[in-house]
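Each chain, written out:
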Amino acid sequence: MNRLILLLVISLFWSCKNNPETPEKIQNRGLITRKAMVVSARKEASKIGSDILKKGGNVFDAMMATEMALAVCFPSAGNLGGGGFMVYRLNSGETGALDYREKAPLAATKNMYLDSLGNVIPNKSIIGEMAVGVPGTVAGVFEAQRKFGKLSVKDILQPVIDLAKNGYAITEKQQNGINYYDSIFRAVNGKEILYSKNTKAGDTLKNKQLANTLERIALNGKDEFYKGETAQILVNYLSIKGGIITIEDLAKYEAKWRKPVSFKYKDINVISMAPPSSGGICLAQIMKMIEPFNLKEFGHNSLKTIQVLAEAERRAYADRNYFLGDPDFVNIPTETLLSDKYLQKRMSDFSFEKATLSSDVSRGNIEFIESDETTHYSIVDQFGNAIAVTTTLNGTYGSYLFCSELGFFLNNEMDDFSSKSGVPNMFGLTGAEANSIVPEKRMLSSMTPTIVEKNGKLLMTLGTPGGSTIITSVLQTILNVEEFNMSMQDAVDAPRFHHQWLPDYIRMEPNGFDTEIMKQLIAKGYTINETRSPVIGKVDGILVLDDTTLEGGADHRGDDTAVGF
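About the criteria used
Residues numbered from 1 in each chain as written. Predicted model: local features only at pLDDT ≥ 70, side-chain atom pairs only at ≥ 80, totals over all residues. Heavy atoms only, no water. Pairing = 2+ DSSP bridges. Helix = DSSP H or I, 4+ residues; strand = E, 2+ residues; numbered from the N terminus. Contact = heavy atoms within 4.5 Å. Axes fitted to C-alpha atoms, helices over the stretch in contact; angles between N-to-C directions. UniProt positions renumbered as here; feature names shortened; annotations may be inferred. Buried < 20%, exposed > 50% of the residue type's maximum accessible area, 1.4 Å probe, protein only. Polar contact = N/O pair within 3.5 Å; in protein donor to acceptor, adjacent residues only side chain to side chain. Phe/Tyr/Trp six-rings, centres within 6.5 Å; stacked < 30°, edge-to-face > 60°. Lys NZ or Arg CZ within 6 Å of the ring centre and 35° of its normal.

### Let's talk about the sheet that holds strand β20 (residues 550–554)
Read from one edge of the open sheet, seven strands run β1-β20-β19-β15-β14-β9-β8, paired in antiparallel fashion. Here the strands that pair on one side only, and so sit at the sheet edges, are β1 (32–33) and β8 (261–265). Direction of pairing for β1 relative to β20: antiparallel, over a ladder of two bridges. The residue of β20 that forms the bridge with I32 is E551. In this fold helix α11 (residues 279–290) packs onto β8, β9 (268–272) and β14 (450–454), with an angle of close to 15 degrees to the strand it touches most, β8. Contacts between helix α16 (residues 470–482) and the sheet are confined to β8, β9, β14, β15 (457–463) and β19 (540–544), with β15 contributing the most and set at about 140 degrees to the helix.

In structure tokens, the structure reads:
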């Protein structure tokens, strides 16, 4: 009998420990390392990045290696044909951000996706040659490594070239994705491409054309992609397809250093990406709006916590969709958007008694003149430097165009512009004039690479893919650690929800939330949608523990893996 009671007590303990609604008892730790760590969407990429650190490289050398390795082994989002953002924190405490977001081609026009009646032409900004923005990835990794890196580009890229030549194992998740998109790959490219339904889980996939491209880039540097043989092949390919990107577009492309968005939330300092990412400003708005509320007392994913977050998100996304765009082209009222007075007014009509309707929430009253498949990786090196990097093709496999001669997919980032004011893009985000199409303009993004400090020291680096859900996924992961005392791994794995103003419903991951709480939300006037996003984000993060060791959080929703030493 005593043995039976003991077993019941142990069973109950473990049941509580694994219940996402009792986070104070969750301590499922991820990988722990002492010196350095890389967390990315694929084990191969994380290992290559970690190995570069072992050779004496720093986070910026590992950035180049990891990003290029993801282009090889995670082609649905890792890329040479896309773009991204990087936020860094040096061991000195210096912070900064790099914008290598794609740009509109010189021949782009405001109404290029409208028909003669002014209506949006379905899929023109999403599928095929007209959806492609000028890629920034190669420029971005070269600029970061040029400024801060320690190793030679050839040494950094050689293991990536070897990976492309020798191949990597296709995972079951990858096989399912490739099978799903096989028919559209064939339709858009007019033939079977390297990634097809004939690819099986466990197969070794070799991409010799990409290896050749990477060899030329390793030999000739950034100019190979933007002015050299690779550039000419790419432009010729797009021209034959009917695209508008030219050699001049590529030659003019430059990555830009930006000042990150930094703000306080209680006793932490958050450093995130500035426009043309909406991530930092939206994250700051939400966290400042929720700061007066005692989330810890409310509880993780409780009725009140979900209400507070959903209502703050609703208001921040309404502002995002009206005010934000490329700061080189539009005047963004950042100071006002992040002011305590403005944000207090934005939340002044919030009530726990009933939902605010999105139809009653427009942009804030400010007077002034004027995605879903990305991938994220986080790196902390043995020197104490940290980066958070989010890179993308926009949709899964981007425009579906695969340049076989070069071995990579091309983005469909032009859909992140407002094709027409008030008309939603592929992620349901409704844009306005601030994000309209202009030649050489960078399209608005939700990517939110983020670094968190506490007591003047590095606390965590994190980010995620997920289109419009990126911002809220990063938000909830930070809160899971800071408010609900979760480990990094548990913070990443916990079920997530999302509200983006329009459409007016709370997206919830299926089977992750208490059914009684969902009923109470519905009774208060909220609409719940568990089908729109079966997966919300795939967060990869690194947490610095009290003893200065590193804990990796690699999201179970993907093939994500932490590697370090």
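Still more ground to cover, so stick around.
### A word on the sheet that holds strand β17 (residues 506–508)
A sheet is described by the order of its strands in space; here three strands give the open sequence β16-β17-β18, paired in mixed fashion. The open sheet is flanked by β16 (497–498) and β18 (528–529), the only strands paired with a single partner.

### Overview of the UniProt feature "binding site: L-glutamate" (unreviewed entry) in the chain
Per the UniProt record, the feature "binding site: L-glutamate" (unreviewed entry) sits at R101, T392, L393, N394, D416, S445, S446 and G467. Judged by relative accessible area, R101 falls into the buried class, the value being 0%. Contact partners of R101, with chain neighbours within four places excluded, come to G84, F85, Y253, P276, T392, E413, D416, R442, M443, L444, S445 and M447. With respect to the helices, strands and loops of the structure, S446 is situated in the loop between β13 (408–409) and β14. A polar contact of 3.2 Å, which involves the side chain of S446, links it to the side chain of R320.

### Considering the packing of aromatic side chains
Two descriptors summarise a pair of aromatic rings, namely the distance from one centre to the other and the angle between the planes of the rings. All chains considered together, the criterion is met by 25 aromatic pairs. With 4.9 Å between their ring centres and 80 degrees between their planes, Y180 and Y181 make a pair best called edge-to-face. Looking at Y181, the relative accessible area reads 18%, which means it is buried. Between F185 and Y400 the ring centres are 6.3 Å apart and the planes differ by 55 degrees, which places this aromatic pair in the tilted class. For the residue pair F185 and Y400, the accessibility class agrees, reading buried in each case. A network of ring pairs unites the aromatic residues Y180, Y181, F185, Y195, Y397, Y400, F402 and F409 as a single cluster. In this structure, K147 packs its charged tip against the face of W257, placed 4.3 Å from the ring centre. Lying across the ring of F352, K304 places its NZ or CZ 5.0 Å from the centre.

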